[in-house]
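# Notes for the structure review
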Amino acid sequence: MLLLLLLQISASCLWLGRSEVVTSFESSCPQFFFRGTPPNEALEPESPAWICQRYKNQYYFATLYDRKRYIPVYSAYLYEPGSGTRPKTWLVEPQLMGPTYPKTMEREWTLLNNFNVSLEKLSKSQAVLQDYKNLTGLNRGHLNPSGHHSDSSSRMATFTLTNIVPQNEKLNGGAWNNYEQQTMIRSTQDCKTTYVVVGAVPGNNYIAKGKVNKPSHIWSSACCVVDNNHRKTWAVIAENDKNEVQLLTLGELEDVLTRLYGRNQVSLFDRDCPRE
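All figures in this text were calculated on a predicted structure; none of them were measured in a lab. (Residues numbered from 1 in each chain as written. Predicted model: local features only at pLDDT ≥ 70, side-chain atom pairs only at ≥ 80, totals over all residues. Heavy atoms only, no water.)

### A closer look at helix α8 (residues 250-261)
Here is the rule: In this description a helix means any DSSP run of H or I spanning at least four residues, a strand means any run of E spanning at least two, and both kinds are numbered starting from the N terminus. Each residue after the first adds 1.5 Å to the expected span of a helix. Residue exposure (1.4 Å probe, protein chains only): buried if accessible area is under 20% of the type maximum, exposed if over 50%, otherwise partly exposed. Note on contacts: a residue pair qualifies if any of its non-hydrogen atoms lie within 4.5 Å across the two residues.
A rise of 1.5 Å per residue sets the reference length of α8, with its 12 residues, at 16 Å; its end C-alpha atoms lie 16 Å apart and thus fit the reference within 8%. All of the buried residues in α8 are Leu250, Gly251, Leu253, Glu254, Val256, Leu257, Thr258 and Tyr261. Lining the buried residues of α8 we find β4 (71-78), β9 (193-201), β12 (217-227), β13 (230-239) and β14 (246-248). Positive phi appears at glycine 262, one or two residues downstream of α8, with a value of about 65°.

Here it is, written out as structure tokens:
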């Protein structure tokens, strides 16, 4: 009996080491965080899933997903913009249903038709396309935007619904889009590498008949490596019902998030990213 138990533990550890839904970002996809340090546990939801976002057998970014509210807490990635077309296909994460499903993101259609998965089972594990139908004043807002990536596969990888929140459509197409495009280009001109963490603060309202949370705020933060001895940071936050973005220091954003979450002090980056 003991041997069987040990074998089961060993097998589960092997699976977790290889899979997309992982036990920690530090051990599985640390490359998306400055010095391999993800945000601290102050942002962790009751039912978290750590996802190393995998497409075509390669990791492209990391997402902490809230299984209970069906939205991402944050996505972390390297800012590497380039020209290219915007994808039109949406993907889901099979591994959120369990370890026997594919380790790489797939289209809903593929899972329903090729893996004998019911829409009900898929919908219990994550947000699905149906959840975002017939929205008024909201649309599918990327945390990690496709335009911050240089090739078709990395852009496609951002089109997973685990990287999406219900976002005010005027904000998404207006002030937030201006930040993602113009402000980020200006701010990163002297950066060798720019690490980005973008997140959403859970709100009190829901879409999809009370299933998917509508965030109260969307925020973004960046730590840019200028050279071996110099780093700079910046951050923004927006209320998710106004077309306004507020520019902050990293330290100010961490303090605002600490107040909004009402838990321990929030830390988004390694201590060597300046807070002022």
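Resuming the write-up.
### Description of helix α7 (residues 175-187)
Turning to α7, its buried residues number three or more, namely Ala175, Trp176, Tyr179, Glu180, Thr183, Met184 and Ser187. Looking at the buried positions of α7, the neighbouring elements they touch are β7 (138-142), β8 (164-168), α6 (169-173), β9, β12 and β13.

### Overview of the sheet that holds β4
Strands pair in a sheet through their backbones, by hydrogen bonds, and they do so in one of two ways: parallel or antiparallel. The test is simple: The criterion for strand pairing is that DSSP finds at least two bridges linking the strands in question. Lines fitted to the C-alpha atoms define the axes, with helices restricted to the stretch that makes contact. Angles between their N-to-C directions range from 0 to 180 degrees.
Overall, antiparallel pairing links the 8 strands, which are arranged β1-β2-β3-β4-β9-β12-β13-β14 in an open sheet. Since the sheet does not close on itself, it has two edges, and those belong to β1 (21-22) and β14, each with one partner. Taken together, the 8 bridges between strand β2 (residues 48-55) and strand β3 (residues 58-66) define a ladder with antiparallel strand orientation. What sits directly across from tryptophan 50, in β3, is leucine 64. Along the sheet, α7 makes contact with β9, β12 and β13, crossing β13 at roughly 170°.

### Here's the deal with the side chain of threonine 258
Threshold: Definition of a polar contact: a pair of N or O atoms within 3.5 Å, with one able to donate and the other able to accept a hydrogen when the atoms are protein atoms, and with sequence-neighbouring residues admitted only if both atoms are side-chain atoms.
With respect to the secondary-structure elements, threonine 258 resides in helix α8. Within the local environment of threonine 258, its side chain forms a polar contact with the backbone oxygen of glutamate 254, the two atoms lying 2.7 Å apart. Excluding anything up to four places from it in sequence, threonine 258 contacts Arg263, Asn264, Gln265 and Val266.

### Observations regarding the confidence of the model for the protein chain
Heads up, the condition is: You can read pLDDT as the predictor saying how much it trusts each residue, on a scale of 0 to 100.
On average, residues of the protein chain score 93 in pLDDT, and 93% of them are at 70 or above. Counting interchain partners and residues more than four positions distant, the pLDDT-below-50 stretch residues 1-19 has 14 contacts.

### Concerning the environment of tyrosine 206
Tracing the sequence through the fold places tyrosine 206 in strand β10 (residues 205-207). Residue tyrosine 206 is classed as partly exposed on the basis of its relative accessible area, which comes to 39%. When the C-alpha positions of tyrosine 206 and glutamine 130 are compared, they lie 14 Å apart, and in sequence the two are 76 residues distant. Not counting chain neighbours up to four residues away, the residues in contact with tyrosine 206 comprise Arg69, Lys211, Val212, Asn213 and Lys214. Of note is the side chain of tyrosine 206, whose polar atom sits 3.4 Å from the side chain of asparagine 213.

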